[in-house]
Amino acid sequence: MSALQLEVEQPQAVILALHGGAVTSRYFDYPDRPRQSLLRTGAALGYTVIALDRPGYGSSYERGDEMDDPARRVDLVYAALDRLLDSRPRGAGVFVLAHSIGCELAARVAADDRGKELLGVELSGTGTRHHEGAVEIMEGWKQDRSWPRRSGRGVRDLIWEPTRLYPDEVVGAARIISAGPPYEGYVAEHWAQQFPDVAARVRIPVHFTLGEYERVWRSGPAALADIAALFTSSPRVVVEEQAEGGHNLSIGLTSLAYHLKILSFVEECILHSETLFRRQG
């Protein structure tokens, strides 16, 4: 497993970031875009940030066909986290942040028995119901089995719409793109149905964000309320719409605003954790 890691000497906490599909961990530290970087913003505010290349990406790319089992992927994340931090300070603990298809892994990590020790989790760019535009494209795929498909528009196009939400050189993410592992096809097809069951087993604070212009998943107040209702075992659930945000919240023009909101939530999770510790003591 490989990762980007920006460490501070005495962290408030550790942020573990899990990228989405078809990109590497550089999603959280896009080349030459320091203002958009979760790593740099987090470190400036006293957090150690680890952006992990998910199983089948980075140094584990060649073993992507061995990653079908979700439980194995979860074990790899916990093992990588322990190895990367080793004896290094964790501050108040570990908070998990994930984007798009990376939310499948983050939710399973949080729902695992070991997840109750985490400070909390942030999920963005996922859901249980696809946006009408995405549904239309996917239905077209079922009818058109030709390859390459005669209809050139795909879900990937929706990921970058409207393009005005991103720096020009970022659209398409050419500098961080990567082929995805085979198992992601199954995840993409079945995650919306599996999400409710996994969410119900999460027992830590949850923050969920959808961009105002999310085009892959349904957004808006009703969609956010539906997601909040899934986390029946969580002590606190906050759902939020990111103004002027699209699907790729961590590399858009509003990414700094987004990251600051999540780091504010992490601070609240730290206070919650400290309060619980004092009560138990």
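That block above? That's the structure.
Residues numbered from 1 in each chain as written. Predicted model: local features only at pLDDT ≥ 70, side-chain atom pairs only at ≥ 80, totals over all residues. Heavy atoms only, no water.

### With respect to the pattern of salt bridges
1) Next: The full count for this structure, using the stated rule, is 19 salt bridges.
2) Next: Here Arg54 makes a salt bridge to Glu184, at a shortest N to O gap of 2.6 Å. Remark: Glu184 occurs in helix α6 (residues 183-199) and Arg54 occurs in the loop between β3 (48-52) and α2 (70-85); sequence separation between them is 130 residues. There is no split in this pair, since Arg54 and Glu184 are both buried.
3) Next: When the shortest N-O distance is used, the salt bridge between Arg215 and Glu161 registers 3.4 Å. Of this pair, Arg215 sits in the loop between β6 (206-211) and α7 (221-228) while Glu161 sits in the loop between α5 (155-159) and α6, and the two are 54 residues apart along the sequence.
4) Next: Given the relative accessible area of 25%, Arg215 is considered partly exposed.
5) Next: By sharing partners, the salt bridges in this structure join Arg26, Asp29 and Arg40 into a single network. (Salt bridge = Lys/Arg side-chain N within 4 Å of Asp/Glu carboxyl O. Helix = DSSP H or I, 4+ residues; strand = E, 2+ residues; numbered from the N terminus. Buried < 20%, exposed > 50% of the residue type's maximum accessible area, 1.4 Å probe, protein only.)

### Description of unusual backbone geometry
1) Next: Omega for the peptide link from Glu161 to Pro162 comes to -15°, which places this bond in the cis form.
2) Next: Relative to the helices and strands, Pro162 is located in the loop between α5 and α6.
3) Next: The phi dihedral of Ala22 is positive, around 65°, even though this residue is not glycine.
4) Next: Within the secondary structure, Ala22 is located in the loop between β2 (14-18) and α1 (38-44).
5) Next: One non-glycine residue, Ser100, adopts positive backbone phi at about 55°.
6) Next: Tracing the backbone shows Ser100 in the loop between β4 (94-99) and α3 (102-111).

### Looking at the environment of His99
1) Next: Tracing the sequence through the fold places His99 in strand β4.
2) Next: Through-space distance from the C-alpha of His99 to that of Ile251 is 11 Å; in sequence the pair is 152 residues apart.
3) Next: When residues no more than four places from it in sequence are discounted, the contact partners of His99 are Leu18, His19, Gly20, Tyr27, Ser124, His247 and Asn248. (Contact = heavy atoms within 4.5 Å.)

### Examining α3
1) Next: With 10 of 10 residues buried, α3 lies mostly within the body of the structure.
2) Next: Buried within α3 are the following residues: Gly102, Cys103, Glu104, Leu105, Ala106, Ala107, Arg108, Val109, Ala110 and Ala111.
3) Next: Buried positions along α3 lie against β2, α2, β4, β5 (120-124) and α6.

### Some words on the side chain of Ser100
1) Next: Exposure remark for Ser100: the relative accessible area of 15% places this residue in the buried category.
2) Next: If we skip the residues at most four places from it in the chain, Ser100 touches Gly20, Ser124, Gly125, Thr126 and His247.

### With respect to the packing of α2 against α3
1) Next: One can describe the packing of α2 onto α3 by two numbers: an axis separation of 9 Å at closest approach and a directional angle of 75°. With respect to α3, the axis of α2 lies roughly perpendicular. On α3, the residues that touch Pro70, Arg73, Val74, Val77 and Tyr78 of α2 are Glu104, Leu105, Arg108 and Val109.
2) Next: Grouping the amino acids of the contact of α2 with α3 by side-chain chemistry returns six nonpolar, no polar and three charged. (Axes fitted to C-alpha atoms, helices over the stretch in contact; angles between N-to-C directions. Parallel < 35°, antiparallel > 145°, perpendicular 65-115°, else oblique. Nonpolar A, V, L, I, M, F, W, Y, C, P; charged D, E, K, R; others polar.)

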